[in-house]
Structures are given as C-alpha cells and as structure tokens.
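Listed below, chain by chain, are the residues.
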Amino acid sequence: MELRNLFKLGALASALALAGCGGDININTGGETVEVPAPTPTPDPDTKTPQEEAYEGFAQKSTTFGMIDGKEVWELTGTLAPATGAATGGQDGADITLGDDVVWLLDGPVVVGGDNESSVNLTIEPGTKILGGSDSYLVISRGSTIMADGTAEAPIVFTSVEAGLGQPGKAGQWGGLVILGNAPVNTCPNLDDCAASFEVGNYSYGGNNSEDNSGSLTYVRVEFGGFKINDTQEMNGISFGGVGSGTQVSYIQVHENNDDGVEFWGGNVSISNVVLTNNFDDSLDWTNGWQGSAQHVYIRQKDNGSNRGIEADSNSSAEAVPQSNPTLANFTIEVANGTNAGGDDVEGILLRKGTAVNAYNMLVKGDVDSGECLEIDGDNTVVTAQDGNLNMSHSIIDCVEPFKNQKVDADDGYELAYDVEAWFMGQQGNLAVASDLDGYMPNASSPALSGGQADLGNMDARLEDAQYIGAFDGSNDWTQGWTTDIHGDTPAPAPELEALNACPVGTTADAVTEGLYKNANVSLVCTLSGTYTSDVTLLAGSNVLYKVDGGAVIFGGDNTDSAKLNIQAGVNLFATDNSYIAVSRGSQIYAKGSAERPIVMTSQNDVIAGAEGSRGQWGGLVLLGNGLVNTCPDASSCSASFEVGDFPYGGDNNQDSSGQLSYVVVKYAGFKVNDTQEMNGISFAGVGSGTMVDHIQVHANGDDGVEFWGGAVNLKYVYLTHNFDDSLDWTNGWTGKVQYLHVQHQDNAANRGIEADSNSSAEAMPQSNPTLSNVTIEVGAGTNSGGDDAEGILLRKGTAAMLANVLVKGKDGSGECLEIDGDNTVATAQAGNLVMTHSVIDCAEPFKNQSISAEDGYTVAYDVEAWFTGQTGNGTAAVSLTDGIPATDDAALMGTGTDMSSDSFFDATDYIGAFDGSNDWRQGWTYTPGS
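The rules behind the values
Residues numbered from 1 in each chain as written. Predicted model: local features only at pLDDT ≥ 70, side-chain atom pairs only at ≥ 80, totals over all residues. Heavy atoms only, no water. Helix = DSSP H or I, 4+ residues; strand = E, 2+ residues; numbered from the N terminus. Buried < 20%, exposed > 50% of the residue type's maximum accessible area, 1.4 Å probe, protein only. Pairing = 2+ DSSP bridges. Contact = heavy atoms within 4.5 Å. Polar contact = N/O pair within 3.5 Å; in protein donor to acceptor, adjacent residues only side chain to side chain. Disulfide = S-S within 2.5 Å. Patch = residues over 30% accessible without salt bridge, like charges linked within 9 Å, V, L, I, M, F, W, Y side chains within 5 Å. Areas by Shrake-Rupley, 256 points an atom, 1.4 Å probe, with all protein chains shown as cover. Salt bridge = Lys/Arg side-chain N within 4 Å of Asp/Glu carboxyl O. Lys, Arg positive; Asp, Glu negative; His and termini not counted. Charge placed at Lys NZ, Arg CZ, Asp CG, Glu CD. Phe/Tyr/Trp six-rings, centres within 6.5 Å; stacked < 30°, edge-to-face > 60°. Lys NZ or Arg CZ within 6 Å of the ring centre and 35° of its normal. Core = buried A, V, L, I, M, F, W, Y, C linked by side-chain atoms within 4.5 Å.

- As recorded in an unreviewed UniProt entry, the protein goes by the name Lipoprotein, listed as coming from Paraferrimonas sedimenticola.

**A closer look at unusual backbone geometry**
Next up, step 1: With an omega of 0°, the peptide bond between valine 321 and proline 322 qualifies as cis.
Next up, step 2: Position of proline 322 relative to the elements: it lies in the loop between β24 (308-312) and β25 (327-334).
Next up, step 3: Methionine 765 connects to proline 766 through a cis peptide bond whose omega is 0°.
Next up, step 4: Its place among the elements puts proline 766 in the loop between β55 (752-756) and β56 (771-778).
Next up, step 5: At histidine 296, a residue that is not glycine, the phi angle is positive and equals roughly 55°.
Next up, step 6: By secondary structure assignment, the location of histidine 296 is in strand β23 (residues 293-300).

**Thoughts on the pairing of strand β13 (residues 156-160)**
Note on strand geometry: in a regular strand, side chains alternate between the two faces of the sheet.
Next up, step 1: Among the 5 residues of β13, 5 are classified as buried, and the element is accordingly described as predominantly covered.
Next up, step 2: Two elements, strand β10 (residues 129-132) and β13, share 4 bridges in a ladder whose sense is parallel. When the bridges of β13 are listed, isoleucine 130 appears paired with phenylalanine 158.
Next up, step 3: Note: β13 against strand β17 (residues 215-223), 3 bridges, orientation parallel. By the bridge assignment, valine 157 is partnered in β17 with arginine 221.

**Considerations on the environment of serine 773**
Next up, step 1: Along the chain, serine 773 turns up in strand β56.
Next up, step 2: Among the residues examined, serine 773 registers a relative accessible area of 0% and is labelled buried.
Next up, step 3: Those residues in contact with serine 773 that sit more than four places away from it in its chain are Val738, Gln739, Tyr740, Ala804, Asn805, Met900 and Phe906.
Next up, step 4: Of note is the side chain of serine 773, whose polar atom sits 3.1 Å from the side chain of asparagine 805.

**Quick word on the state of the cysteines**
Next up, step 1: Enumeration over the complete set of coordinates arrives at 5 disulfides.
Next up, step 2: Residue cysteine 373 pairs covalently with cysteine 399 via a disulfide, S to S 2.0 Å. Taking the sign of the S-S torsion, -95° for the link of cysteine 373 and cysteine 399, the bridge is left-handed. Linking cysteine 373 in the loop between β27 (357-365) and β28 (374-377) with cysteine 399 in the loop between β30 (396-398) and β31 (403-404), this pair joins segments that are 26 residues apart in sequence.
Next up, step 3: The buried category is assigned to cysteine 399, whose relative accessible area is 17%.
Next up, step 4: In this model cysteine 503 forms its disulfide with cysteine 526; the gap between the sulfur atoms is 2.1 Å. Because the torsion about its S-S bond is -85°, the bridge between cysteine 503 and cysteine 526 counts as left-handed. With cysteine 503 in the loop between α6 (456-459) and β34 (508-510) and cysteine 526 in strand β35 (residues 524-528), the pair connects residues that are 23 residues apart, well separated along the chain.
Next up, step 5: Sequential numbering of the bridged cysteines in the protein gives the disulfide pattern 1-2, 3-4, 5-6, 7-8, 9-10.

**Things to note about the sheet that holds strand β39 (residues 552-555)**
Next up, step 1: The 11 strands are arranged β36-β39-β42-β45-β49-β51-β53-β55-β57-β59-β62 in an open sheet whose pairing can be described as parallel. Strand pairing shows two members of the sheet lacking a second neighbour, β36 (531-532) and β62 (847-848), which therefore form its edges.
Next up, step 2: Pairing of strand β53 (residues 728-731) with β55 involves 3 bridges; the strand directions are parallel. Looking across to β55, one finds that leucine 728 is bridged to isoleucine 754.

**Quick look at a negative patch on the surface**
Next up, step 1: Together, Asp303, Asp344, Asp345, Asp367, Asp369 and Glu401 line one region of the surface with negative charge.
Next up, step 2: If you trace the backbone, aspartate 369 turns up in the loop between β27 and β28.

**As for the pairing of β25**
Next up, step 1: Of all the 8 residues making up β25, 8 are buried; the element is thus mostly covered by neighbouring parts of the structure.
Next up, step 2: The pairing of β23 with β25 spans 7 bridges and is parallel. Looking at β25, one finds that arginine 300 is bridged to glutamate 334.
Next up, step 3: Relative to β27, β25 runs parallel, the two being bridged by 7 bridges. Note on β27: the bridge partner recorded for leucine 328 is alanine 359.

**Regarding the packing of aromatic side chains**
Next up, step 1: As enumerated under the stated definition, the model contains 35 aromatic pairs in all.
Next up, step 2: Judged by centre distance (5.9 Å) and plane angle (70°), the rings of tyrosine 55 and tryptophan 74 are edge-to-face. With tyrosine 55 in helix α2 (residues 50-55) and tryptophan 74 in strand β5 (residues 71-80), this pair connects stretches of sequence that are 19 residues apart.
Next up, step 3: The ring of tyrosine 927 carries lysine 667 above its face, with NZ or CZ at 4.4 Å from the centroid.

**A few points about the pattern of salt bridges**
Next up, step 1: The tally for this structure, following the rule as stated, stands at 29 salt bridges.
Next up, step 2: Between arginine 300 and aspartate 485 there is a salt bridge, and its shortest N-O distance comes to 3.0 Å. One end of the pair, arginine 300, is in strand β23; the other, aspartate 485, is in the loop between α6 and β34, with 185 residues separating them in the sequence.
Next up, step 3: When its relative accessible area of 30% is taken as the criterion, aspartate 485 is described as partly exposed.
Next up, step 4: A salt bridge links lysine 667 to aspartate 606, with the nearest nitrogen and oxygen atoms 3.1 Å apart. Separated by 61 residues along the polypeptide, lysine 667 in strand β48 (residues 659-667) and aspartate 606 in helix α7 (residues 604-607) bring together distant segments of the chain. In this structure, lysine 667 and aspartate 606 share a single accessibility class: buried.

**Focus: the nonpolar core**
Next up, step 1: Judged by nonpolar contacts, the single largest core of 87 residues is most densely connected at Leu661, Phe684 and Trp867.
Next up, step 2: Those residues in contact with tryptophan 867, other than ones at most four positions away along the chain, are Leu795, Leu818, Ile820, Ala829, Leu834, Val835, Met836 and Tyr862.
Next up, step 3: Counting 76 residues, the second largest nonpolar core, distinct from the first, contains Leu276, Val346, Met362 and Phe424.

Right, dumping it as structure tokens:
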C-alpha cells in the first residue's frame, strides 16, 4: 500500500518548544555566544481566551500547528469522557461541543464515551472542520451520541491534515468516522448479550435495541479517509456498526475514501440524500443483518479506481438472523471503467451471501469498459430471490454488460444456476434501456422521469414519495452548495504559508542576523544535529529555514530506536559544508512536497545573501534499508558498510519501506570524502520497494546525482541536472524500476548519464536487473575536471537490465552514447538478460564496442551497434529537442515507443523519451539550471 503518513500521531502530538520564558537566552552558534534580550512580558496567564475557557477541559491547543483557515488548531486525543467540574462553553457534564471558531485535529483514535458507560453527547457546530492525521479516526461508542448538524451553506467537514493545509487531498490520508450502536447484528447468537468486535480497535457494537439512537448527521462531508489497516483492509469513510433507527442521517457525502464509502454492519439506521464519489472499493456496502433504508443516493465511481457501487451481504450462514433486508429507493449509480489497483473490475450492484432487499426506482448506468451492472451470487441469495424476498422494480439498467448470471460451479460451491436478466426483467416496471441523462440529471425525454414507483411513502413509512427512477427528478439538484468535486468545482489554491513563532520539537533555534539570508522574511532558523531516536516533524512557514549542522544528522539507530523525519510541503532546508542526512535501517523519512510547494534541500551558500550555491557544498541525503544487496553472502545477517560513515545497510527484505520522497529538490551536495570519492545527491542503499519516490530533482552534485546499492526501490519523474560524475548509477543488485527520467549534462562538467554495474563477480546475487522506461539523456560536450568524458550509458560488471523508450542525444564533442563493458556484461547480453528496445541514439559517437584486451582482462569482443540495432524498435536518428522536449509530431519519437504497462508500476505510453511533446512534468516544482 501506498504510504500516506505525512504526520505520524506522535509527531502530531509533539509540541513546538518555545525557546524560553523570562530572562536572557544564550544561544551557542558554534563560534560565538549571542545574547538575546528577554522577551516582552506576556499578559497575565490567568486571563484566558474564549477558546481556552471553552475547550481546555477536554482538548489542548496545538503547538504543532499555528493557524489554519485563520483559526487556532485544537487537538483531540484518547477518550472523551464526562466532566465533573463546572460547565464551560465547550463542556457541560456529559455534553461536549466542538465549535466552528477553531479547527479540530484528531490525534490518533479519538473515542467518544465508554462502551455503554461514561456516555458522552458530542455536538459539532455547522461549518466546523475536523482534520485527521495518518492513523486518526473518530469513534462514537455504544450509548454515546454525535449531533453533527451542518447546513447546506455551512457543512461540517471531516478531512485530512494534508487537505486542511492546502495540499492535495488523497484517499487514505486518515481513517474515518465510526458510529457504534446497540441494534441487532446477525453475528451475535444472543442479542441480549451482544458485543460484536469492530474491525479496527476491537470496539464493541450490537445489541437488542432496533430503535437505538446514536445521534444525527446532517450536511456532513467525509473526505480522503481509509488508511490501511492490514494487507487486505482499509477503513471506510463512515462505518455504522449496529446503529439503530433512532439515528438520523441525511445529506452526507463520502469522497475519495480508500475502501468503502459507507458500510453497515447490521442495525436499522436509515439514510437519505447521500453522495458517494470516487471511493476505491464499494461505494455502499451492507452485511450482518442491516434492515434500514436508503433513499436518494448518488454514486459516482472513478475510472480504474473503484470496485462496486453496491456490495450487499447478509451472512455466509443462511441460519443467521436477522437477515439483511434493507429498503432502497431512488439510486443513481454511475459505473466507471476499468479495474482498480487491487485488480477489481468496476461494477454496479452485487447481491450475495443471502441478502434480501426491496429496491425501487434504481438507475444503473455503465460505460464502455464497465463490468457487470447487476449480479446475484451464491445459492443462499438465489433461494432468497426464489422465495420472493429479493426484489427490484421500476428500475433501469443502462449498461454494455447489464447482467451476470450465476452458474453451477463446484469450485465456488454453487449448485444452483440463476438467470439474473430474467429475474430483473420479470419484475414490474423494469427496463434495460438508454437512461438519457445529462451528467447525472435525467433529460426531459428520459424514461427515468415517467417510470418510477408511485406511493413510496405508503409502502414504507421511512421513504418519501418520489415517482421517478434515479436520485434526481430532472429539475431539483439537492447536491448543490454542500458537496465537493461534482459541480466542476476545483480545489482552492493553497493558502499562503503562515509564519511560525517557534521551532519544532527536536530542533533548536539559531539567532538570526537581519539581512543574512536571501529571503528577507526569514526570522527563524531551526537546527537539526546529532542522532534522533524519536520522530521529528519539520513544518513549513513563511519565515523559517531549517539547518542541518554538525556532520551526519542521523535518524534512528540501526534497526533499533526507529525514528521518522516528517517534512511538510514547502519546507526549505540548508546544510553546512560537512553535514548530511542519513536515515538508518528501520527508520523512515516522509518528505511529501507538492508541485506548488516542493521541499528544497540545499547548501548554506545557496541561502546566504551575497553567496552562491555550487557543487560539493554539503553532503546529501542517504537512505539505508533492509533490501537485498549482492555484497552480502548471507542476506539474513547482512550489514554492508556505506561508503561514508560506515552506516550498515542491506538485508533480506526487498519490500522494505524507508518512507516517501515526493516533490523533493536536492541542490549543491556531494562534498569530497577522499581523493577519489564525493557524496551523491541521494543515495539509496538496500532500499526496498515499499519506499515511494516520485518527482525528485538532484542538481549540481559533486559526484553522482542518484545512486543505488542493491534494493528494489522504484522511482517516477526524476530530473537530474548538471551532476559532475554519473547522473544515475546502480550497483550491487538493484532490481527496481524507473519511469520518466530526464538527464541534462553541463558541458565540461559531467561523466555519464547512466553508469550501471552489478558486481565484479558473476556469482554475486542478486544480479542488478532494473527496468527503465521513458528516459531522455542529453549528453554534454567535453571532459570534466576529473578527466572523464561526457558520455551516455555504460553497462558493465555483469548488470542485466530492461531498457525501453530511451533517447540518448549527444553533441559535437560528446563521448560515446552507448557502451557495453566487460566479459560478464557481454555474457549477460548474449543470454538475453540485457535488453534495450524501442530506443533512439542521436550522437556523433553512438557506440563503443568491446575489444579483446589482455590488460583489461577482456577475452571477448562485442559489437554494441549490432546488439542495439538487432532489437525491436531501435534506431539512430536525428531529433530536435527544446529543453529536453520534442515536437508533438516528431516521427522518430512520437508513437514509436512500447507500452510497458503490463507491469502495473508503469503508465501506458507510446513514445520514446521522458516527454510526450506537450506535457512537461517538471513545471512548477523544479530548479531550472541557470535561473
């Protein structure tokens, strides 16, 4: 699963440490001691703000975040319990109110009340925003209530910390909302003594009270939830566990959840006016005896990003009671195309595991690549249909693949065949016709407007009359004003960064000399130094720089005392000339920038007024993991030694995670280690495929831009500019993948675009064998100061590889653009394990063959040109690039590539090189050389 932990709960709970209170503060800056005058005395501490008066009995003002949306941030953590003291504006005994005058932050699981004891009534005012961190969620316990009643003009919004900070919201950035009640569930043999266990946190739900009341949700939006629970489960947007009919739910939206939108485990709660958009698994899911109702529900799935509109179960046992038997009316389900990342087709409605249902006025509309729109599955469900307890009438199926029948299948335990089309078409008012919609609204000519079931209110008192098919009557759009992402609305631009008033915990404040920095707004410099064994979060601010100082700044011990370095989008970090960051095995870095706010790591000279950045002014970033490296004879007890600092790396876990780097720019690193070595911009040593790396740039490094020592980490969108030695280098068994790589050399200041090794010994395993696609290498001219020519690709020391859609473009004065070196590498090519297809070489010196050389130990000659031109789609051709980008009609590059997307890591492309001729993925976040 994708890593989504920008803010670990420990980091969220950390307080920003103020430098001190009262008296002078002495700050040692390394060479001198600066005396800072004591701050102006603060106001009387007994004078409290209205927010402190109201909330400090059950919450605490955040010291991690200053202001969001112009409001203070207050944190909720642990269990909210009744108070015994005097009433405040926010709490009166068992009643707690979350006001809209602050932004609320969930720190880990927040549980309202005990299980049918110490009950709490939680009220949330209209317009209130609640943010969740990476492992946060809100639970309403049995016996407690939530009264979250927003308005169309002021909905209540549960969303992620990232979205709250103006960064892109994505599925899985926090948990979700869990409501637990005392209503019946069919997993309890004795409802009088029922305590079913919720799938997260083992919270109890279920009982014998069908009319139980858990409160009210009105005009509530839940966004970007669904963090990963385990390898097969994520949280739902809103979970209803045994929730009774006394609970009122209307006008709710769940958007971009990483599992189901809404799920019911038993209970009798009813919902209406529901919007479920872009949810990854099932939009609406029920199981274990749900007998509520749902009316006016709009479901929109996401192409290649959803599973089912409805997934409906009762229980694997036909004897389990109560049987799921809800009533549904007026649904519009827009079934999307394709298959989600879990391999599940996008589908409409699946009725299975013995569920019953009465459904009216249902509209399911598919697309050209949708899966089946209606399926009945399992013998128990077929029997339920045959007994007349599974019903759907006055409904429209408008799909290319409308029905999926059940077939006899011994492997699945199916003894009964069932014709789903006959079941559907045999019921009153059903049609399999074009629905004639404009978006989700029916046109005046649509059969949906005239074919609905009448008198719904008399048929079921929980429903209102709506004699049309689908969720909309063609004129009234009840989604207006309070929903997101369905009316062409776009996210608001990221707000301006707020100023920080103190350095985060784990950093120390430096004295700031006015005029010292190029950015005149800098008033806070926060220093990292030494070794960290607890999490640190670097917050972005309009006035703050972070300094890496004192040599190696190390996060975590070696597979012990693990720590996380969390870096918020927009952070600017500089390092002194002998300093660098190392992330140890077992620890992680989450540097999650954005196109609008990249994270920049650079040298001290680059930020000092009057100075300039240049190669080798600091170290760089080193990630150490537990992946496989071929210098360890025994992977289970591997401790290869990194070339700087002797840090151990390597192991037996190629799926290891060292965190995430997204939209990260590293400049002017690569200080000299000794007479033959400098540090690389970003070093990946034994880093596993669980690490996510995308949108990175390394500029003007004193040695390689990026280097891999074994491991299996994958990268996308990589920009390597003006690096002195090799732009991308691998060795010692790297088996990862790269797509979209652009290399630009500086004339007379570079060596190779790619230098690729496995090991001097052909017996060393694993053999380096990465896969690269969509690569553009612009080779410089001349020779660098180390005496190395500027060259394209060197494949040597027995490496294997799959290279596709590669463009190497040289200049007059460039060295060779493609070379195979060494008998082991020749043998790998001859064995078919070194492959290059659908690629173009445009160079004055395109190839360098291997010749027999006793001095070099080469006993085999090899014709590299013949190897290259003998493979599919390869050729030499003159191409024209503008800053690396070809014309959209370039005949040599456009439409001549190969599609690598049979491997799900790779996007489908049909062009050669890193760019399609029209879209520049570097825009907005990279440093432009010479700017």
